[in-house]
Structures are given as structure tokens and as C-alpha cells.
Amino acid sequence: MERIDLHAHTTASDGSLRPAELVQLAARLGLRAVALTDHDGLDGLAEGLAEGRRLGLEVVPGIELSTRRDGLGSLHLLGLWLEPTDAGLRAWLAGQQATRVERNQRLLARLAELGMPLDPQQVARQAGGPVIGRPHVAQALVAGGHAATVADAFARWLSRGRPAYVERVRPSPEEAIEVLHRAGGLTILAHPGLAWRGERARQLGELAALARAGLDGIELRHPELAPDWAADLAAEAARLGLLPSGGSDFHGAAKPEIRLGEPPVPAEWLEGLRARRIARLPDHRRPC
Ligand code: AMP
Ligand code: MN
Ligand code: MN
Ligand code: MN
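Basis of the calculations
- Residues numbered from 1 in each chain as written.
- Chains lettered and ligands numbered in written order.
- Predicted model: local features only at pLDDT ≥ 70, side-chain atom pairs only at ≥ 80, totals over all residues.
- Heavy atoms only, no water.
- Axes fitted to C-alpha atoms, helices over the stretch in contact; angles between N-to-C directions.
- Helix = DSSP H or I, 4+ residues; strand = E, 2+ residues; numbered from the N terminus.
- Parallel < 35°, antiparallel > 145°, perpendicular 65-115°, else oblique.
- Contact = heavy atoms within 4.5 Å.
- Buried < 20%, exposed > 50% of the residue type's maximum accessible area, 1.4 Å probe, protein only.
- Donors = N, O, S within 2.8 Å, 3.2 Å for Na, K, Ca; no water.
- Near = heavy atom within 4 Å.
- Polar contact = N/O pair within 3.5 Å; in protein donor to acceptor, adjacent residues only side chain to side chain.
- Areas by Shrake-Rupley, 256 points an atom, 1.4 Å probe, with all protein chains shown as cover.
- 1 Å grid on protein atoms, 1.4 Å probe; cavity = no way out; pocket = protein on both sides within 12 Å on 5 of 7 lines; lining within 4 Å.
- Sits in = over half its atoms within 2 Å of the grid points.

### Focus: the packing of helix α5 (residues 134-143) against helix α6 (residues 150-158)
Two elements in contact, α5 and α6, have axes separated by 9 Å at closest approach and are oriented at 100°. Our classification of the angle between α5 and α6 gives roughly perpendicular. Along its contact with α5, which presents Arg134, Pro135, Val137, Ala138, Gln139, Leu141 and Val142, the element α6 presents Val150, Ala153, Phe154, Trp157 and Leu158.

### With respect to helix α1 (residues 19-28)
Along α1, the residues classified as buried are Pro19, Ala20, Leu22, Val23, Leu25 and Ala26. Its buried side turned inward, α1 meets β2 (33-36), α2 (45-55) and β3 (58-69). Just beyond α1, the residue with positive phi is glycine 30, at close to 80°.

### Describing the coordination of the manganese ion (ligand 3)
Protein-derived ligands of the manganese ion (ligand 3) are Glu64 (OE), His76 (ND1) and His191 (NE2), with the metal-ligand distances lying across 2.1 to 2.2 Å. Spacing between the donor residues of the manganese ion (ligand 3) along their common chain follows E-x11-H-x114-H. Separating the manganese ion (ligand 3) from the manganese ion (ligand 2) is a gap of 6.0 Å. Residue histidine 76 is located in strand β4 (residues 73-80), and its partner histidine 191 is located in the loop between β5 (186-189) and α8 (200-212); the two are separated by 115 residues in the primary sequence. Overall, the relative accessible area of 15% leaves histidine 76 in the buried class. By relative accessible area, histidine 191 is classed as buried at 7%.

### A few points about the site of ligand 1
By nearness alone, every residue bordering ligand 1 is listed as Asp14, His39, Arg100, Arg103, Gly133, Arg134, Pro135, Phe154, His251 and Lys255. Between ligand 1 and the protein, one listed contact pairs an oxygen atom with a side-chain N or O atom of arginine 100 at 2.9 Å. Protein contact buries 76% of the 510 Å² of open area that ligand 1 shows by itself. A molecule is said to occupy a pocket when more than half its atoms come within 2 Å of that pocket's grid points, and by this definition ligand 1 occupies the largest pocket.

Spatial relationships are all this shows, so hold off on functional conclusions.
Structural data, given as C-alpha cells:
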């Protein structure tokens, strides 16, 4: 079976491989295509797309956005086939980036209150780029001797409900879907159920609301998706006209147990998504 991976992170957010290195790894593994879906930013796309052209491997330019639904917690959306230079999207992302910077300041202040002052410069060095996230704070906590591993730092301090958890202002999923569509992208619900609270029946209801808001697809393959839940979601997705997608959510050394291309995602799924994408393009951008 030909395989693809439509969810992966690079040094442009909280992954450890550069975009070109990630594309090289995808090529070595024999994947048919790989999507770059860094959190909240488009900065890795140009390098990844160029390496894809060089190696003859299809690179799908994407993003992962965190959105929020009151009571349900966090919903992550992937945008696929984004225009890396889209001015409207870039302006909206700059606003998102500001909420992240503000959250990070409050997070470091909270850690200092808890007796763990971290040097903001050191945290920024862990990130090596503009998108600074909790994984980088976790690495700094490990370096400072406040946690044994990144996972331990989350479990003790950084996860929701833990002493240093700080809420971030996030958009609604409807807003994120609209912004991604306006930039010519498809929208995919990432790792359904992973970060949601609530019963599965309630989550299926939420899926129907997202489908009405224009959601295009849903990840039915992801390392943290339980097979019985994936089967229920697949049936519901088919009923709602949502296309299947999937990927590894690879982060490199930042999540060493995750491997690019695992679990396997069939290459046919890419063609289903591509057909939907062409149907969504405004007339002047549609290939003849
Ligand atoms: P942020 O967007 O800055 O709030 O950070 C969220 C990121 O932290 C997620 O995308 C994951 O990559 C990472 N993360 C969340 N929970 C954990 C965990 N328990 N262990 C390791 N990494 C985590
Ligand atoms: Mn991440
Ligand atoms: Mn996610
Ligand atoms: Mn991800």
C-alpha cells in the first residue's frame, strides 16, 4: 500500500527536525506525500516545499490551529494546501501569535511564583524560532532540574489542571474554519477526542456542528486514536460527508515514541482530499 502522512511538526513550531530534514525522512521512508502542519505559523513551508521539489516528493503546505469550544475544551484543526504567502491568513496568525506571547509571559510568571524561575532567553533558545510553546518551557524545566522528562514536566506542571496551567485566548472552530477556507485551505479535525472533554455521544454531536460549519475532513488515523472510537467516527464521518485523513503527529526527538508514517495512512485518502480542495477553489485559482 502506498502511504502518506498528513500531520507533522518541524522546528518551525515544536518539532526537532528542520522542514528540509523532515521531507528527507519522508522520502527515505518511501512516503507518497507528507503535510507540514506546524502550530500557528507558516514559516517552515517554503523550505519544506523547496526540498519536496528537489526530491520529487509531494509536500502539502499546512498548519495546526488550537481552537476552543466552551465546555468541550480544545479542538485542533489542520489546514491543508495553504498559500504560504496569503496576506489575510498571515495577518490573522500574527494576532494568534500575540495571544501565545501573552500566555507565555503569564506561564513564566506562574512558574516563578511556584519557585521555578526560568530565563525567557533560554526558553526562546529551546524554540529556536518564533513559535514558543509549552514543550519548550517543558525542556527548560528539565534543564533546570524541575522535571525528569518533558512528559514529566507536563504531568507535574503544564497540563490542564496542573499548578502551572495557564489558559490561552483561542478562536472558535468556526472562525478558524472560515479563515483557513478564505486562504484556499481544506480543514481537518485533528486527533478527534484526544483533548475533548465530554461523552462520546456529545462529541459526535459536536462533529455534526463542525460539519455544518464547513469542516472538510477528520483524522481517522492518529497514534492516540483508539480503534473502536475510530470505527464509530468513520461511520459518523461518512454520514456527514467528512473525508478521512490521518497522520503521525510527528515531533521528532520532542516525542521520541512517535514515528513518521505511523500509523499507515493510505495514499488514496490524499486523492479524496485533493478533489474536495479543487471543488472549493475560487474560479480564478482553479486549474483547467
Ligand atoms: P502549546 O500550544 O504551547 O499550548 O503547547 C501544546 C503542545 O504541547 C502540543 O501540541 C503538544 O505537542 C505538547 N504537549 C501537550 N501535552 C503534552 C504531554 N503530556 N507530553 C508532551 N507534550 C505535550
Ligand atoms: Mn505540538
Ligand atoms: Mn494537536
Ligand atoms: Mn500536531
